[in-house]
Amino acid sequence: GAVVSQHPSRVICKSGTSVKIECRSLDFQATTMFWYRQFPKQSLMLMATSNEGSKATYEQGVEKDKFLINHASLTLSTLTVTSAHPEDSSFYICSARDEGAGRAFFGQGTRLTVV
Amino acid sequence: QQQVKQSPQSLIVQKGGISIINCAYENTAFDYFPWYQQFPGKGPALLIAIRPDVSEKKEGRFTISFNKSAKQFSLHIMDSQPGDSATYFCAASMRGNQFYFGTGTSLTVIP
């Protein structure tokens, strides 16, 4: 199957700092990528849909100014958690849509811990 | 509104037994139904998936049964092993768009 690489896999940052997470489609072009968040012992919830060359679409309740999404190329989307706080500690997972395969593939996820 | 409903929330099975997890969906436009296995601290890993044009798919000890008319699908794990202990999520999507996940089932296989 197609490969989606997410980096970093783990990050610990201080409260008030910003953290950038990258999501790359390695062997296909992805005009659309998705960002999910998973709190401990909970399911994955969609945060936003990222479209190459245009603004991301955020789900209700997700602060667009806090979670900045950039999809500047067909193989890379980034999620920046700005002014992170301990309550932002979570597992963030991206997926990228492979038009040829007709489905999306997940990255490995990023464990963010804000101290 | 929960697009995909999953049950049970937790499941304990004896080694060698059959684990069964059920999901139901509402949107008939969904065209892809995967099951994901997730171990603590790891991302979800695709286990097996089915499209609505077939009623069953088997891969090793894992089988998906799909009932289009009832809008239900289930995961069967045959000969369950302690290494299968994990959280399992069903999901649904349409045309490669976002996944709608079930709430997850925590499976424990007792030796």
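Remember, predicted model here, so these are calculated numbers, not experimental data.

For the layout of surface pockets, give the residues involved together with the corresponding values.
Taken as a whole, the largest pocket spans an internal volume of roughly 500 Å³. Forming the walls of the largest pocket are 22 residues, and the residues nearest its centre are Pro40, Lys41 and Gln42 of chain A together with Gln38 and Thr87 of chain B. No other element matches strand 9 (residues 86-92) of chain B, which puts 3 residues into the lining of the largest pocket. Taken together, the residues of the lining of the largest pocket break down into 7 nonpolar, 12 polar and 3 charged.

Any chance you could break down the interface of chain B and chain A for me, citing the residues and the numbers?
The interface is formed by 18 residues belonging to chain B together with 17 residues belonging to chain A. Here chain B packs against chain A, burying approximately 1500 Å² in sum over the two surfaces, 54% of which is carbon and sulfur. The interface formed by chain B and chain A holds 0 salt bridges in total. For the side of chain B that touches chain A, a count of residues per class yields 7 nonpolar, 8 polar and 3 charged.

For a nonpolar patch on the surface, give the residues involved together with the corresponding values.
Taken together, the side chains of Ile18, Ile20 and Met78 of chain B present a nonpolar region at the surface, about 240 Å² in accessible area. Note that Ile20 of chain B resides in strand 3 (residues 19-25).

Summarise the state of the cysteines; cite the residues concerned and give the values.
Tallying each qualifying case throughout the model produces 2 disulfides over all chains. Disulfide pairing places Cys23 of chain B opposite Cys90 of chain B at an S-S distance of 1.8 Å. When the S-S torsion is -90 degrees, as for the bridge of Cys23 of chain B with Cys90 of chain B, the disulfide is left-handed. With Cys23 of chain B in strand 3 and Cys90 of chain B in strand 9, this residue pair connects regions lying 67 residues apart in the sequence. What makes Cys23 of chain B buried here is its relative accessible area of 2%. With no disulfide of its own, Cys13 of chain A lies closest to Cys94 of chain A among cysteine sulfurs, the gap being 18 Å.

What counts, and where the lines are drawn
- Residues numbered from 1 in each chain as written.
- Chains lettered and ligands numbered in written order.
- Predicted model: local features only at pLDDT ≥ 70, side-chain atom pairs only at ≥ 80, totals over all residues.
- Heavy atoms only, no water.
- 1 Å grid on protein atoms, 1.4 Å probe; cavity = no way out; pocket = protein on both sides within 12 Å on 5 of 7 lines; lining within 4 Å.
- Points joined across faces, edges and corners; volume = space filled by probe spheres on them.
- Helix = DSSP H or I, 4+ residues; strand = E, 2+ residues; numbered from the N terminus.
- Nonpolar A, V, L, I, M, F, W, Y, C, P; charged D, E, K, R; others polar.
- Contact = heavy atoms within 4.5 Å.
- Buried area = accessible area lost by both parts, 1.4 Å probe.
- Salt bridge = Lys/Arg side-chain N within 4 Å of Asp/Glu carboxyl O.
- Patch = residues over 30% accessible without salt bridge, like charges linked within 9 Å, V, L, I, M, F, W, Y side chains within 5 Å.
- Areas by Shrake-Rupley, 256 points an atom, 1.4 Å probe, with all protein chains shown as cover.
- Disulfide = S-S within 2.5 Å.
- Buried < 20%, exposed > 50% of the residue type's maximum accessible area, 1.4 Å probe, protein only.

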